[in-house]
Structure formats: structure tokens, C-alpha cells
Amino acid sequence: MKHKVFVLALIGTGLVFLTLSSCAGGPKPAAPAPAEEQAAQKAPAEPAVEPKTPEVTDASKLPPDQAAESALAAAVARAEKSRKQAFDLEVPSTFADEWKKAESYFISGREKAQVKTHLSYTEAAKAYNTAADAYDELALKALPLYAEARRQEILKARDAAVKAGADQVLPTQLAAADRVADKAQTQFDAGEYYTAADTAKEARTRYLVLKTGLDAYAVQQEIDRRDFAKYDAGNYALAQQKLQASLETYDAGNISAAQNNSEEALLRFRLALNKGREMNASGKGQAALAERQAAQDLKANVAVKNEFDQAQALYADAERAFKAEEYDRAADLFAQAERQFADVKNIAADKRAKALEAMQAAQKKLSANEESAKKADAVLEGGSR
């Protein structure tokens, strides 16, 4: 037992020695860290926090959102529609100053809409809506004036058609136009602006077609009275066809075609009439020229110089009128010149005949005197024997 205790003590002593030797030979252990540092080392590291960017709320710097774009588009559409209506109602001329003011709002809206920001879009929409309100107010003021102007136009066109003979020659067609005019007035009274405007236009056109067709017919009658159709048979025949077509298309309700046909009929009848006038004047000029030559052949320009010069002055006026395409006036002047040249010719012929008669009488007298002288000589000669 003592031996075991000794051994154990020896072993224990050796361990202590080894431990002391190790401590003496190696570095000294570090001093324990304070408790706060140990806790910091044990806690997990927190992530770094970046500084926040301040949020932009200035509408003048923000781009427009969908709502702002939609509001602007609606305002533009409304303003453009109201603007067109006011323009069609002739507001620019009827209320010029107020129209300019409304236009300033419209232009302001257009300029602000060029800037792509939320604030600018909002301001642009407001300007467009203000313009629309102004246009609408002006349209309401202009509508009765516009309606009255259209009514006056219709009445004027109707009066012209009646003066041309529509109530006598085309009573059925005139009644049809009257019905359309009454319809337009009813629509205006009901505030159906665009519909009423179209109906009023149709009524006025119907009256104009009747007036134009009747004018064409009047020209045709003049051509027939003066027998001018032979001078331009092609245009005359085509004009007749177009005049008939105008009446047929009018009755069928195709007013546009009726208008075109009536206008062409009038144009071609006028061409035929003008050609007839030209040829008539030309014929009168040839007749006057022939009389002038006949007068000159009788030396009328010498024998009755004053009268001949007067006829020549008329002829010169007629030629100037002809060159100016004043054919009817030229024809009248040529006819007057022809008559005066004829009178001058007759005067010259009469003077010439009287002069010839006087010469013949003188010749006879001279012959008689000569015969008497011969007889006297014979007597004298016989007595002397």
C-alpha cells in the first residue's frame, strides 16, 4: 500500500512538473476579454443600412400617369368637337372677339400638352375644357343667327326660282322643294343642328336647280326665236338632252345629278346662243361691207362724202364691238351701217343718174345746136349764090 501511494504521489508530482514546464516554456495565455466584447463576438453581425432616397412628389417633375393622359385625351376630343361645331355655325365671323378668346384657351392647351409632365398635362386638360365651354356657349348664341341666315338664303333662292317661272312651268318640282325647306325649319326649331343644316342645303340646292333649268330653257327659246340652232347644232342638241336629264334626276331625288345636268344644259345653250350671235353679227358685217363697196363703186365717198363718212364711222364702231365679242351690239351697228351705206349709194346713184341725164340733155342740145348751125350755114350759103 505504501508502495502504491508513493507511486501515485510520484506520478502526481511528475504531472505537476510537466505542467509547470510547459507553462514556463510557451507563451503566456491571453487575458480573458471583457464580457461586452465576448457578447459582441457571439452576436450575429447586422447588415449595413443604405441611406434612403427622398421620394419625388413635385407634379411639375413627375411624368404623366395613365389617368392624366386619359383626361387630356378626353379634353382634346371634346374641345375639337365643340370647336368644329362653333366654326360651322360661323362663330368666327359672327362673334369675332369671343372666338379669339376661346381660341386662346385652345392654343394654350395645345402648348401645355407639349410638356410631358403630370402638372402640364393637368393644366392642358383644364385649358382644353375651358375652350370647349367657351365654344359651346358661342355655339348656342350663334345657332339662331345661323338658322335665320340659312332661312334667308332659302327664301332668296326660292324667289329667284319663282321669278324664273317655277310656279308656272314647274309647280310640282317647286312644291317638292318647299317641303324640304319646311323640314329644315322644323329641324332647326328642334335644335337638330347638323341634320337641319344638311336639309337646308338640300332645299336651297333644289331651288337653284329649278332656277338654272329655267334659265337654260329661256336661252333655248331665244335660240329658237332667232333661228340660231343651225350655227351650233352639236351643243344645242346636247343641251336639250341635259335639260331633260336634269328634270328626270330631280324628280328621282338625285339633286346632285340634277344640279350638274341643269348647269351643263345652261352652259351649252349659252355656247350655242353665243355662236349664233357671232355668226349673225358676222353676216351683218358682210352685208354692210358689200353695201359700202357698192357705194364706193358709185363714188359715193366723193359725191356724198359727209354721209359716207357717217356710215363708215358706224361700221368702225361695229368692228370694235365685234372684236370685243359684243356680238348683238356689233350686229345692230353693222345693220345701221348697212342701211346708211345703202342710202349713200342710192343718193350717189341718183346724183349720177341726174348728172348723166343732164349730160345727155346737154349733148342733145349741143347736137341740136350743131344741126341748127348747119342749117343756118346752108341757108347762108344758098343766099349768097
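Given the structure is predicted, the values throughout are model-derived calculations rather than measurements.

Definitions and cut-offs
Residues numbered from 1 in each chain as written. Predicted model: local features only at pLDDT ≥ 70, side-chain atom pairs only at ≥ 80, totals over all residues. Heavy atoms only, no water. Helix = DSSP H or I, 4+ residues; strand = E, 2+ residues; numbered from the N terminus. Buried < 20%, exposed > 50% of the residue type's maximum accessible area, 1.4 Å probe, protein only. Contact = heavy atoms within 4.5 Å. Salt bridge = Lys/Arg side-chain N within 4 Å of Asp/Glu carboxyl O. 1 Å grid on protein atoms, 1.4 Å probe; cavity = no way out; pocket = protein on both sides within 12 Å on 5 of 7 lines; lining within 4 Å. Points joined across faces, edges and corners; volume = space filled by probe spheres on them. Nonpolar A, V, L, I, M, F, W, Y, C, P; charged D, E, K, R; others polar. Core = buried A, V, L, I, M, F, W, Y, C linked by side-chain atoms within 4.5 Å. Expected span 1.5 Å × (residues − 1). Arc of directions from axis to C-beta. Lys, Arg positive; Asp, Glu negative; His and termini not counted.

Caption draft 1: Looking closely at the overall build of the protein. A tally of helices and strands in the protein yields 14 helices and zero strands. Going residue by residue from the N terminus, the α and β elements of the protein occur as α-α-α-α-α-α-α-α-α-α-α-α-α-α. Buried residues in the protein amount to 29% of all 385 residues. Sequence separation of at least 24 residues holds for 74% of the intrachain contacts in the protein that already meet a minimum separation of 6.

Caption draft 2: How the structure looks around the environment of A239. Tracing the sequence through the fold places A239 in helix α10 (residues 233-251). Taking C-alpha positions, A239 is 5.3 Å from R268, a pair spaced 29 residues apart along the chain. Setting aside anything within four residues of it in sequence, one finds A239 in contact with A265, R268 and F269.

Caption draft 3: Looking closely at the pattern of salt bridges. All told, the structure shown has 25 salt bridges when counted by the stated rule. D88 is the salt-bridge partner of K84, the closest N and O atoms lying 2.8 Å from each other. Of this pair, K84 and D88 both sit in helix α3 (residues 66-88), four residues apart, which is roughly one turn of the helix. The partly exposed category is assigned to K84, whose relative accessible area is 49%. Its relative accessible area of 24% is what places D88 among the partly exposed residues. What emerges from the salt-bridge pattern is a single network uniting E222, R226, R277 and D328.

Caption draft 4: Spotlight on the layout of surface pockets. Estimated volume of the largest pocket: approximately 270 Å³. In terms of lining residues, the largest pocket is bounded by 15 residues, among which L170, G213, L214, L243 and L247 are the most central. When contributions to the lining of the largest pocket are tallied by element, the ones reaching two or more residues are α9 (193-226) and α10. Along the lines of polarity and charge, the residues of the lining of the largest pocket split into nine nonpolar, six polar and no charged. If you add up the space inside the second largest pocket, you get close to 170 Å³.

Caption draft 5: Examining the nonpolar core more closely. L72, L89, V91, Y135, Y207 and Y250 are the most contacted members of the largest nonpolar core, which totals 49 residues. Of all the elements in the fold, those that place two or more residues in this core are α3, α5 (96-112), α6 (118-163), α8 (171-189), α9 and α11 (255-297). When residues of this core are assigned to their parent elements, the largest contribution, 16 residues, is made by α6. Ignoring any residue separated from it by four or fewer positions in sequence, one finds Y250 in contact with Q173, A176, A177, R206, V209, L210, I255 and A258.

Caption draft 6: Representation of helix α13 (residues 305-323). Over its 19 residues, α13 runs 27 Å from end to end, which matches the ideal 27 Å to within 8%, given 1.5 Å per residue. Within α13, burial applies to F308, A311, L314, Y315, A318 and A321. Take α13 and look down its axis: the buried residues cluster within an arc of 140 degrees, on one side only. Within α13, the exposed residues directed more than 90 degrees away from the buried face are N306, R320 and K323.

Caption draft 7: Quick look at unusual backbone geometry. The residue E90 is not glycine, and still its phi comes out positive at about 65 degrees. Residue classification places E90 among the partly exposed positions, given a relative accessible area of 33%.

Caption draft 8: Summary view of α11. End to end, α11 covers 63 Å across 43 residues, agreeing with the expected 63 Å (1.5 Å per residue, within 8%). Looking one or two residues past α11, K299 carries a phi angle of roughly 60 degrees, positive in sign.

Caption draft 9: Summary view of the side chain of R292. Relative to the helices and strands, R292 resides in helix α11. Notably, R292 is buried but unbridged: the nearest opposite-charge side chain belongs to E319, and the N-O separation is 6.1 Å. Apart from the residues within four sequence positions on either side, R292 is in contact with F308, Q312, Y315 and F341.

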